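Residues per chain, in single letters:
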Amino acid sequence: MKKATLKDVAREAGVGTATVERVINGRGGVTEKTAQRVARAVRKLNYGIRDSEMHRSALRIEVILVRPDSSFFASLNHAFERMSASLDRSIILHRTFVRENDPVAMARHIANSTLRRSALIICAQDDPLVTRALREVQESGVAVVQIVTRCDDGGLPYVGIDNYAAGRTAAYYMAGMLSTRAGSFVSICHSGTYNGHRDRTRGFSDFMAAGQSSKHHFSHTILGQDDELRIAETLGEALHRDQDIIGVYSAGGGDEGVAVVLQQWAKRREIFWVGHELTEKKRRYLQSGLMNICIDQTPEVQARRSVDIILHKLGVIRTEVVADPIRFLTITAENV
């Protein structure tokens, strides 16, 4: 096979030979985006220069998350933090938290980040402003991956579980394990602004609507905005109002509010509870019998997969990354 030349690299990268020479010898004057194109061309053509010998400006990957106070996003943040320590020094993971219920601020940050980033990993609510900003950033050459929940209609790569399947799984277990009791089920989610929560709730209600269980029916969805006090108040009211409720599905966060209410009702009515995301408190809920099933979406795996996809897009790794949904875990008191 003919050995690649400087001209071959320039042709592959779509730049001049002088630009390739500047990147290889680290003489500056080249944008980060162009330097990355040259680096990818060098690797693809096996030009014969090691990465350690070639100047390459740092690849900055910004990770945008919400709600650092929540147990799930704290776990996801720590996963990215641990991963950052294991990456090559030329790859920098910069974690940013943006206020959850402000799509204008989220879109503005996406479009006007102060970082010179090469890529963006993001978890955000589904909003037209956010979607438009993400597409514009991607068109500018920044690699984009959505994590945990989709922000758009599927045009951008997504790393996460199949949330619709998770909702159906919750209903499947709840109906099956309550097969000897008749009654109604309720679900709790954030507010409808997160695609993932909508998919979970839709999967849960679709399973029930399909007539999978003649003894049970889906009552309604409580929009709790992952706020423990609000969820405790609205769930308590629902249990007082509807004596037929025997199952609760928490599709989002705020499970401390659910736990408080179910502990209060423990002596009056046995209620089957399915929730999401395994934490130390939920381990105790499972072990005590307060919670029956916890569906965990393995944040460590999601963080690793999202970074691998970005590194593949940037040409740092050549191996194709699996695009299948992340497998979620079904955890009970027997395997917690």
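For the structure itself, look to the data block above.
Residues numbered from 1 in each chain as written. Predicted model: local features only at pLDDT ≥ 70, side-chain atom pairs only at ≥ 80, totals over all residues. Heavy atoms only, no water.

**Comments concerning the pairing of strand E3 (residues 119-122)**
Side-chain alternation along E3 places Ala-119 and Ile-121 on one buried face and Leu-120 and Ile-122 on a second face that is also buried. Here four bridges tie strand E1 (residues 59-65) to E3, and the two strands are oriented parallel to one another. The residue bridging Ile-61 from the neighbouring strand is Ala-119, located in E3. With four bridges joining them, E3 and strand E4 (residues 143-147) adopt parallel strand pairing. Within E4, the position partnered with Leu-120 by the bridge is Val-144. Where the polypeptide runs from E3 across helix H6 (residues 128-139) and back to E4, its parallel neighbour, the crossover connection is right-handed. (Buried < 20%, exposed > 50% of the residue type's maximum accessible area, 1.4 Å probe, protein only. Helix = DSSP H or I, 4+ residues; strand = E, 2+ residues; numbered from the N terminus. Pairing = 2+ DSSP bridges. Right-handed = clockwise from strand over helix to strand, strands pointing away.)

**Comments concerning the nonpolar core**
The biggest cluster of nonpolar side chains holds 66 residues, and the ones touching the most others in it are Leu-76, Phe-80, Met-106, Ile-110 and Leu-134. With six residues, the top contributor of residues to this core is helix H4 (residues 71-86). Contact partners of Phe-80, with chain neighbours within four places excluded, come to Val-63, Leu-93, Arg-95, Ile-121, Ile-147, Ala-303, Ser-306 and Val-307. The next biggest cluster of nonpolar side chains, apart from the first, holds 23 residues, and it includes Val-186, Ile-222, Leu-262 and Trp-273. (Core = buried A, V, L, I, M, F, W, Y, C linked by side-chain atoms within 4.5 Å. Contact = heavy atoms within 4.5 Å.)

**Some details on the packing of helix H10 (residues 255-265) against helix H11 (residues 280-288)**
Close contact between H10 and H11 brings their axes to 11 Å; oriented N to C, the two are set at 25°. The angle between H10 and H11 places the two elements in the roughly parallel class. The element H10 and its partner H11 pack so that their crossing is left-handed. Contact residues: Asp-255, Glu-256, Ala-259 and Gln-263 in H10; Lys-281, Lys-282 and Tyr-285 in H11. Partitioned by chemical class, the residues of the contact of H10 with H11 number two nonpolar, one polar and four charged. (Axes fitted to C-alpha atoms, helices over the stretch in contact; angles between N-to-C directions. Parallel < 35°, antiparallel > 145°, perpendicular 65-115°, else oblique. Left-handed = near helix turned anticlockwise from the far one by under 90°. Nonpolar A, V, L, I, M, F, W, Y, C, P; charged D, E, K, R; others polar.)

**Examining the pairing of E4**
With five of five residues buried, E4 is to be regarded as a mostly interior element. Bridge analysis of E4 against strand E5 (residues 158-159) gives two bridges, and the strand direction is parallel. The partner of Gln-146 across the bridge, within E5, is Tyr-158.

**Quick notes on a nonpolar patch on the surface**
On the surface, a nonpolar cluster with roughly 330 Å² of combined accessible area is contributed by Tyr-172, Tyr-173 and Met-177. Of note, Tyr-172 is situated in helix H7 (residues 163-177). (Patch = residues over 30% accessible without salt bridge, like charges linked within 9 Å, V, L, I, M, F, W, Y side chains within 5 Å. Areas by Shrake-Rupley, 256 points an atom, 1.4 Å probe, with all protein chains shown as cover. Salt bridge = Lys/Arg side-chain N within 4 Å of Asp/Glu carboxyl O.)

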